[in-house]
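# Descriptive analysis of the structure
Chain by chain, the residues run as shown.
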Amino acid sequence: MSRISECFKNLQADGQTALIPYVTAGDPEPWVTVPLMHALVEAGADIIELGVPFSDPMSDGPVIQKACERALKNDVTLDSILDMVKQFREKNSHTPVVLMGYSNPLEAMGYQKFAEKAQVVGVDGVLTVDMPPEESGEFKQLMDSHDIDTIFLVAPTTSAQRMKKIAEYAKGFIYYVSIKGVTGAAALEINEVTAKLEEIRRYTSLPVGVGFGIRDGRSAAAVAQVADAVVVGSTLVRCIEEHANRPQELPAAVASLLAEMRHAINARDLASVSA
Amino acid sequence: MPDTQIDDYFKTYPDESGHFGPYGGRFVGETLMGAIYELEEAYKQYKNDPQFQAEMDKDLADFVGRPSPIYHAENWTKKLGGAQIYLKREDLNHTGAHKVNNTIGQALLAKRMGKTRIIAETGAGQHGVATATVAARLGMECVVYMGAEDVARQAQNVYRMKLLGAEVVPVQSGSKTLKDALNEALRDWVTNVDDTFYIIGTVAGPHPYPAMVRDFQSVIGREARQQMLNTTGKLPDALVACIGGGSNAIGLFYPFIQDKSVAMIGVEGAGHGLQSGQHSAPLSAGTPGILHGNRTYLIQDTAGQITETHSISAGLDYPGVGPEHAWLKDIGRAQYVTVTDTEALDAFHELTRTEGIIPALETSHALAYVSKLAPTMSADQSILINVSGRGDKDMHTVAAMAGLNF
Ligand SMILES: Cc1ncc(COP(=O)(O)O)c(C=O)c1O
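The structure displayed is predicted, hence computed values, not measured ones. (Residues numbered from 1 in each chain as written. Chains lettered and ligands numbered in written order. Predicted model: local features only at pLDDT ≥ 70, side-chain atom pairs only at ≥ 80, totals over all residues. Heavy atoms only, no water.)

A few words on the pattern of salt bridges. Evaluated as defined, the whole model comprises 44 salt bridges over all chains. The salt bridge involving Lys 179 of chain B is made with Asp 56 of chain A; its shortest N-O contact spans 2.8 Å. Of the two residues, Lys 179 of chain B is situated in helix α10 (residues 178-191) and Asp 56 of chain A in the loop between β2 (48-51) and α3 (62-73); the pairing between them involves two chains. The pair formed by Lys 179 of chain B and Asp 56 of chain A is uniform in burial state, with each residue classed as buried. A salt bridge links Glu 350 of chain B to Lys 79 of chain B, with the shortest nitrogen-to-oxygen separation between them at 2.8 Å. In this pair, Glu 350 of chain B is assigned in helix α16 (residues 341-355) and Lys 79 of chain B in helix α5 (residues 74-80), connecting sequence segments 271 residues apart. On the basis of relative accessible area, Lys 79 of chain B is assigned to the exposed category, the value being 55%. If you follow the salt bridges from partner to partner, you end up with Arg 26, Glu 40, Glu 41 and Lys 44 of chain B in one network. (Salt bridge = Lys/Arg side-chain N within 4 Å of Asp/Glu carboxyl O. Helix = DSSP H or I, 4+ residues; strand = E, 2+ residues; numbered from the N terminus. Buried < 20%, exposed > 50% of the residue type's maximum accessible area, 1.4 Å probe, protein only.)

Next up, the structure:
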């Protein structure tokens, strides 16, 4: 069983929802990323989504665009990010790490080389935003043969027919993009999300995570009631931006923001168990 | 190139899922997948619908002014002392460039699909103007994304778009040029996918855009092929066109692809020279990668980050190129060459003075290459150049090079 599947199995056994923070690797400075990952785990992260910065992040709003720009100014590359994961694994062998980004950096390294390196350093999953199942044939085969989960997106615009196809390709979990828009753009509508998750579950037994529109403890707790995982991105990255000039203080600040969400989620999880 | 590849070309490319060999495809976020399938279905349906075609042909005739003539540039031919030079006069189209051929087609499609809002990206502003023009006519809301740097260097076109009722949004991210405008337009589309039609201005983007824009622009080559036969009794020996995203070039080339005697030459912007690293020539100096929905040649670093491009002409200042050109390069059916800013500027002045035609700076790249090519050919041979647009929009840039300011 993959580290991701095991993580979800354990959480489900405890009636808990996974909390998945997203941070862009190398933002605002490369040395910050590994300590930040450890701090996030301590604050309650179950899985870490590590963004691979790209010069042209078409699916991202201004907050993550700027994070990419800050990271790229430091010459962060896919290679150096794989090194970060390796470092992280020196002290943490249980928290799954998912790389999230765009196709071109993977394409530039070469899928085969990426698969080999990622497996060795302990990457658990890959989410390539601009590579739908239609284009992922060769890539998915290589990820499969190197035991790396391929995570795919489902959107509000995804038809039932596509959901079926995505479910066939997906491994680890399915990521539901809760809004029509770029990352950080708007707040999600919990009723719409609930309905869509029901539909997705008709096609897959994989855990379903929700991301893109979660901004605070309240929305995190609301989503946790219906989803298997809550993904928080822009809110954390905004906090990173605010601390860009004080990187020493950054891991603690971001971690305390995440801890708030963890508390909010746990409180609701408990309430619904006792109710 | 294997002959069979060319003999079956029209049937073979792109394949069902939009690939030209390894290039092209549909590399977009899941939120847009539904929209591009919807577009593909609509396009397939109307492509062979006689009523749709008739409406488009009427617009191209009465609104755009087609067919555009071919003109035998006799003065310039004499001066260069080689092949006969013919110009396909897309500069005479309404709005001043080839771009309108495509916006007419896509806007009619948008209307049939019941979309009420149009968005576009633009570099030089020609596509933005052509989009604002059709939107005004159809009474549709129109938003044009334009890199902040391009807003500054194409001020006149910005004003034209505003007069036509479009909202022009300066894009401040990244390099503030065409690629960033495309990113921002895609972000808008993701957000407003239900009512919005994205009119892409070149043969880029996810499938079906590269094939659809090619088809709309192919009117250039269809007309020109017949016009050359009528005027000279034979096909030209070479076609030459500039390459930004590649739409005016593919529009000219496509109907000639199976005419193996006809050489096809695309001219990219070498900017300050390929060695300087400041250019916009992905086919000549780039490597394959994935950007803006398709796999193609890109200007990028070894880690797969898109790097900054440069060209004197905003319409060429783009790090990618249509996937079909990538394929035509690989199979050897077309050749791609480069011309520097300085060479293009010289050709701009040359055509203006010898023929009384002021070309766009983009077009001037094609002209500059022909000034080298023509003298190596004989007088019984001919070259057909796509004059993709007129130079009115570039007065500012050219004057500034001469130290003048309006
Ligand atoms: C006059 C003119 N020619 C050429 C181009 C380049 O585009 P493409 O390569 O798609 O024809 C532009 C783009 O703005 C243009 O305005």
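Take helix α10 (residues 217-224) of chain A next. Of all eight residues in α10 of chain A, six are buried, a share of seventy percent or more. When α10 of chain A is considered as a whole, its buried residues turn out to be Gly 217, Ser 219, Ala 220, Ala 221, Val 223 and Ala 224 of chain A.

Our next topic: unusual backbone geometry. Residue Asp 27 of chain A is joined to Pro 28 of chain A through a cis peptide bond whose omega torsion reads -5 degrees. Looking at the element boundaries, Pro 28 of chain A is found in the loop between β1 (18-24) and α2 (33-42). In this structure, the amide linkage connecting Arg 66 of chain B to the following residue, Pro 67 of chain B, adopts the cis form with an omega of -5 degrees. Within the secondary structure, Pro 67 of chain B is located in the loop between α4 (50-64) and β3 (70-72).

Looking now at the site of the ligand. All names here are of chain B. Around the ligand lies a shell of 17 residues, among which Thr 202, Gly 244, Gly 246, Ser 247 and Ser 388 are the nearest. Taking Gly 245, its main chain carries an N or O atom lying 3.2 Å from an oxygen atom of the ligand. Side-chain polar atom of Ser 388 to a nitrogen atom of the ligand: 2.7 Å apart, as the coordinates give it. Considering the ligand on its own, with 390 Å² of exposed area, one finds that the protein chains cover 97% of that surface. Split into classes, the residues belonging to the shell around the ligand amount to four nonpolar, eleven polar and two charged. (Near = heavy atom within 4 Å. Polar contact = N/O pair within 3.5 Å; in protein donor to acceptor, adjacent residues only side chain to side chain. Areas by Shrake-Rupley, 256 points an atom, 1.4 Å probe, with all protein chains shown as cover. Nonpolar A, V, L, I, M, F, W, Y, C, P; charged D, E, K, R; others polar.)

Bringing the UniProt feature "modified residue: N6-(pyridoxal phosphate)lysine" (unreviewed entry) in chain B into the picture now. All names here are of chain B. Under the UniProt annotation, the feature "modified residue: N6-(pyridoxal phosphate)lysine" (unreviewed entry) is placed at Lys 99. Structurally, Lys 99 is set in helix α6 (residues 99-112). What Lys 99 contacts, discounting residues up to four positions off in sequence, is Gln 126, His 127, Ala 130, Gly 201, Thr 202, Gln 217 and Ser 247. (UniProt positions renumbered as here; feature names shortened; annotations may be inferred. Contact = heavy atoms within 4.5 Å.)

Before going further, it helps to spend a moment on the UniProt feature "active site" (unreviewed entry) in chain A. Sequence positions flagged by UniProt for "active site" (unreviewed entry) are, in local numbering, Glu 49 and Asp 60 of chain A. Residue placement: Glu 49 of chain A occurs in strand β2. Inspection of the secondary structure puts Asp 60 of chain A in the loop between β2 and α3. Those residues in contact with Asp 60 of chain A that sit more than four places away from it in its chain are Gln 65, Tyr 102, Val 182 and Thr 183 of chain A together with Arg 187 of chain B.

Moving on: the side chain of His 292 of chain B. Residue and element names in this part refer to chain B. Note on placement: His 292 falls in the loop between β11 (287-291) and β12 (293-298). On the accessibility criterion, His 292 (1% relative accessible area) is buried. At a separation of 2.7 Å, a polar atom in the side chain of His 292 contacts the side chain of Asn 183. Engagement of the side chain of His 292 in a polar contact is seen with the side chain of Tyr 318, the distance being 2.8 Å.

Residues and elements named next belong to chain B. Most of strand β14 (residues 382-387) is tucked away, with six of its six residues classed as buried. On β14, burial covers both faces: Ser 382, Leu 384 and Asn 386 on one face and Ile 383, Ile 385 and Val 387 on the other are all buried. Bridging between strand β4 (residues 84-89) and β14 involves six bridges; their strand directions are parallel. Counterpart to Lys 88 in the pairing with β14 is Asn 386. Relative to β14, strand β9 (residues 238-242) runs parallel, the two sharing three bridges. Of the residues in β14, the one forming a bridge with Val 240 is Ile 385. (Pairing = 2+ DSSP bridges.)

Here we take up the interface of chain A and chain B. Opposite the 35 residues of chain A that make contact, chain B presents 35 residues. For the chain A and chain B pair, buried surface summed over both sides reaches about 2700 Å², with 49% attributable to carbon and sulfur atoms. The tally of links from chain A across to chain B stands at four salt bridges. For Arg 295 of chain B, the salt bridge identified is with Glu 107 of chain A, shortest N-O distance 2.5 Å. On inspection of chain A and its partner chain B, the count reaches 18 residue pairs in polar contact (both at pLDDT 80 or more). A per-element tally of the side of chain A that touches chain B places helix α5 (residues 103-109) of chain A first, with five residues. For the side of chain A that touches chain B, the residue count by class is 17 nonpolar, nine polar and nine charged. (Buried area = accessible area lost by both parts, 1.4 Å probe.)

Once that is clear, we can look at the sheet that holds strand β8 (residues 196-198) of chain B. Residue and element names in this part refer to chain B. Pairing within the open sheet is parallel, and its four strands lie in the order β7-β6-β5-β8. Two strands bound the open sheet, and with one partner strand each, they are β7 (167-171) and β8. Neighbour to neighbour, the strand axes of the sheet diverge by 25 degrees on average, direction disregarded. Summarising the sheet, strand β5 (residues 117-122) and β8 pair through three bridges and their orientation is parallel. By the bridge assignment, Ile 118 is partnered in β8 with Phe 197. This element, helix α7 (residues 126-138), spans β5 and β6 (141-147) of the sheet and lies at about 165 degrees to β5. (Axes fitted to C-alpha atoms, helices over the stretch in contact; angles between N-to-C directions.)

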